[in-house]
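# A closer look at the structure
Below, each chain spelled out in residue letters.
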Amino acid sequence: MKNVADDKRGRSFEQALQRLEEIVDALERGNLSLDESLTYFQEGTRLIKECTGQLEGAEAKIQKLVSTEEGFRLEPISFSDEEDSQK
Amino acid sequence: MNASKKATSTAPYTVSELTRVIKDLVETSIGFVWVRGEISNLTLHTSGHMYFSLKDESSQLRCVMFRSANASLAFKPESGMCVEAKGEVTVYERSGQYQLSVYELVPAGLGSLQIALEELKRKLAGEGLFDEGRKRSLPAFPWSIGVVTSPTGAAIRDIVRIIRKRQPCARIILNPVRVQGEGAAEEIANAIDEFNRFGKVDVLIVGRGGGSLEDLWAFNEEVVARAIHKSEIPVVSAVGHEIDFTISDLVADVRAPTPTAAAQIVVRDKQEILKDINAMARSLVVAMKTKFTTMRRELEQIKSRYGFARALDVVRQRMQRVDELSKRTQTAIRNLLRQKRQLLDAGFARLRALDPHEVLRRGYAVCRESASGKIVRETSQVRLFDKVDVELYRGVLVCGVEGVKENEKRG
């Protein structure tokens, strides 16, 4: 089953990278207080960990979209060389 | 009407009249036609209008293609080239010649498919389906990629291979379709609709591997074009090879020259992204270090400023005062001790003064009755000729009492 969160994943990853860029920019501009700098730095480190974690995530599945009366279903499908899928 | 009336009359036509009649007949009865032939005597007038003849083994047809029509030609016509021309037969009254006014010109051999394609292209373009303005940008980081293609073709293998290599954790969902033959276009269009109803993909790749013009035909069909146009999910078309251009390519948000290229366009390489992130991580650390350095420098500056120096001075003053007080305390204790010591010394001195030996040293002597050893303080204690011992500072005199004198003063 595909979880709904997966949908938001791409967007959130993009947002995380954007935020990371903002943070680096802000820190590089250097007009933050030490407290703010530390907060930004911590947020940045967390985002880096998150993004890297997502990229290093498990290999995703290859699936086939199957339309049924009740809606859609995903079935596994593979592409080994002798594979000769139906339809 | 006019012509038939004239025909029954005996009055002769003027040349202009007859030409006008012919013109009317020709232009109203033939209309738009497609004509196939070989181009000859091609001249491009400085006005931009193009004049040529179309000929076959036995006939020739004079043609004119006005600048407004030939400006949009997709190829360069040359004498000897076989073409198909769409136009209407008109009569040029000044020379009394009929000619084909050409509106469209395509290389021959493309056949009726190509002609239909050109017409569909024009129609869809007219509706704005190819407008650059409506093309959406692709998501920067799609985690779920929908693919509409054949499950057995080279395209899906190429797409899977590239996405796996560049972004292993991106999900690939295939909606398998036939990509050629009867009903293929409807299947492709339906698959695109299905993905839109399914909704959980970030981007669609629609396409197939290389093939003949007929093989790729489904991607030139209106139903596919409309499905792509309607899609809420951004669509990348990937049909055939670099040189193949289909209507799908024109409608899609992005045209990829091949399925492999489509996969490369859709997912960024993981290593590239990691490199970017690492660069940002480095910048982050450098920026933080710089911040610390700046803060330290500021701190130094503040420390050197008068206000802070004064504050420090207060502290130093206090410290000095504490030192001073402790020194005074020590002195006080030392003095007290010294006083006690002096008292003690004085006591000793007095004690020493009481020592009988000290008295003898000063020249006094102690007189004792020899028999009893009692100290003789008064003359009455002894009688004449008694023996007495007189103790001096050094030594003792043994004496006899030879007389007594009273000491009036001491009485």
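Described below are features of the structure shown in this document. (Residues numbered from 1 in each chain as written. Chains lettered and ligands numbered in written order. Predicted model: local features only at pLDDT ≥ 70, side-chain atom pairs only at ≥ 80, totals over all residues.)

## Considerations on the overall build of chain A
Within chain A, the secondary structure is distributed over two helices and two strands. For chain A, the succession of helices and strands along the chain, N to C, is α-α-β-β. Expressed as a percentage of the 87 residues in chain A, the buried residues total 18%. Across chain A, every contact between residues at least 6 apart in sequence was considered, and the portion connecting residues at least 24 apart equals 29%. (Helix = DSSP H or I, 4+ residues; strand = E, 2+ residues; numbered from the N terminus. Buried ≥ 20, exposed ≤ 12 C-beta atoms within 10 Å, placed from the backbone. Contact = placed C-beta atoms within 7 Å.)

## Considerations on the overall build of chain B
Along the backbone of chain B there are twelve helices and 13 strands. Within chain B, the proportion of its 411 residues that are buried is 24%.

## Description of the sheet that holds strand 8 (residues 203–208) of chain B
Within a sheet, neighbouring strands are paired by backbone hydrogen bonds and run either parallel or antiparallel to one another. An order of 2(A)-1(A)-7(B)-6(B)-8(B)-9(B)-10(B) is seen for the seven strands of this open sheet, with the pairing classed as mixed. On the outer flanks of this sheet lie strand 2 (71–76) of chain A together with strand 10 (254–256) of chain B, each paired with one strand and no other. Here the strands of the sheet are splayed against their neighbours by 30° on average, with no regard to which way each runs. Bridge count for strand 1 (residues 62–68) of chain A against strand 7 (residues 171–176) of chain B is three bridges, and the pairing is parallel. Across the sheet, residue A:Q63 finds its bridge partner in strand 7 of chain B, namely B:I173. Across the sheet, helix 9 (residues 259–266) of chain B is in contact with strand 6 (144–149), strand 8, strand 9 (235–239) and strand 10 of chain B; its angle to strand 9 of chain B comes to roughly 155°. (Pairing = 2+ DSSP bridges. Axes fitted to C-alpha atoms, helices over the stretch in contact; angles between N-to-C directions.)

## Topic: the nonpolar core
Residue and element names in this part refer to chain B. Residues I159, I188, I192, L204, I205 and V236 are the most contacted members of the largest nonpolar core, which totals 64 residues. Ranked by residues supplied to this core, first place goes to helix 6 (residues 184–198) with seven residues. For this core, the domains that each give at least three residues are domain 2 (135–268) and domain 3 (272–304). Setting aside residues no more than four positions away along its own chain, V236 makes contact with L138, V203, L204, I205, A252, D253, V254, A256, A262, I265 and V266. (Core = buried A, V, L, I, M, F, W, Y, C linked by C-beta atoms within 7 Å. Domains from an automatic or database assignment.)

## Focus: the interface of chain A and chain B
In this assembly, 38 residues from chain A lie in contact with 39 residues from chain B. Elements supplying a minimum of two residues to the side of chain A that touches chain B: helix 1 (5–29), helix 2 (34–55), strand 1 and strand 2 of chain A. Per-element tally for the side of chain A that touches chain B: the top contributor is helix 1 of chain A, with eleven residues. Partitioning the side of chain A that touches chain B into residue classes produces 17 nonpolar, nine polar and twelve charged. (Nonpolar A, V, L, I, M, F, W, Y, C, P; charged D, E, K, R; others polar.)

## A few points about the sheet that holds strand 12 (residues 387–391) of chain B
Residues and elements named next belong to chain B. Strand order in the open sheet formed by three strands is 11-12-13, with antiparallel pairing between adjacent strands. Every interior strand has two partners, whereas the edge strands, strand 11 (366–369) and strand 13 (396–400), have only one. Sheet twist, expressed as the average angle between the axes of neighbouring strands with direction ignored, equals 25°. In terms of strand pairing, strand 12 meets strand 13 through five bridges, oriented antiparallel.

## Points about unusual backbone geometry
All names here are of chain B. The backbone of N41 shows a phi angle near 50°, a positive value even though the residue is not glycine. Tracing the chain through its elements places N41 in strand 1 (residues 32–44). Here F385, not a glycine, exhibits a phi torsion of approximately 75°, which is positive.

## Regarding the packing of helix 5 (residues 154–166) of chain B against helix 9 of chain B
Residues and elements named next belong to chain B. Direction vectors running N to C along helix 5 and helix 9 enclose 30°, while the axes themselves pass 8 Å from each other. It follows from the interaxial angle that helix 5 and helix 9 lie roughly parallel. The handedness of the crossing between helix 5 and helix 9 is right-handed. In this structure, helix 5 contributes A155, D158, I159, I162 and I163 to the contact, and helix 9 contributes P259, T260, A262, A263 and Q264. Its residues placed into classes, the contact of helix 5 with helix 9 shows seven nonpolar, two polar and one charged. (Parallel < 35°, antiparallel > 145°, perpendicular 65-115°, else oblique. Left-handed = near helix turned anticlockwise from the far one by under 90°.)

## Thoughts on the packing of helix 2 of chain A against helix 10 (residues 270–304) of chain B
Viewed as axis vectors pointing N to C, helix 2 of chain A and helix 10 of chain B meet at an angle of 165°, and their least axial separation amounts to 10 Å. In terms of orientation, helix 2 of chain A and helix 10 of chain B fall into the roughly antiparallel class. Crossing angle aside, the handedness with which helix 2 of chain A passes helix 10 of chain B is left-handed. Residues A:L34, A:S37, A:F41, A:G44, A:I48, A:C51, A:T52 and A:L55 of helix 2 of chain A form the contact with helix 10 of chain B, whose participating residues are B:K270, B:I273, B:L274, B:I277, B:M280, B:A281, B:L284, B:M288, B:K291 and B:M295. Its residues assigned to classes, the contact of helix 2 of chain A with helix 10 of chain B comprises 13 nonpolar, three polar and two charged.

Take it as geometry only, folks, not as evidence of what the structure does.
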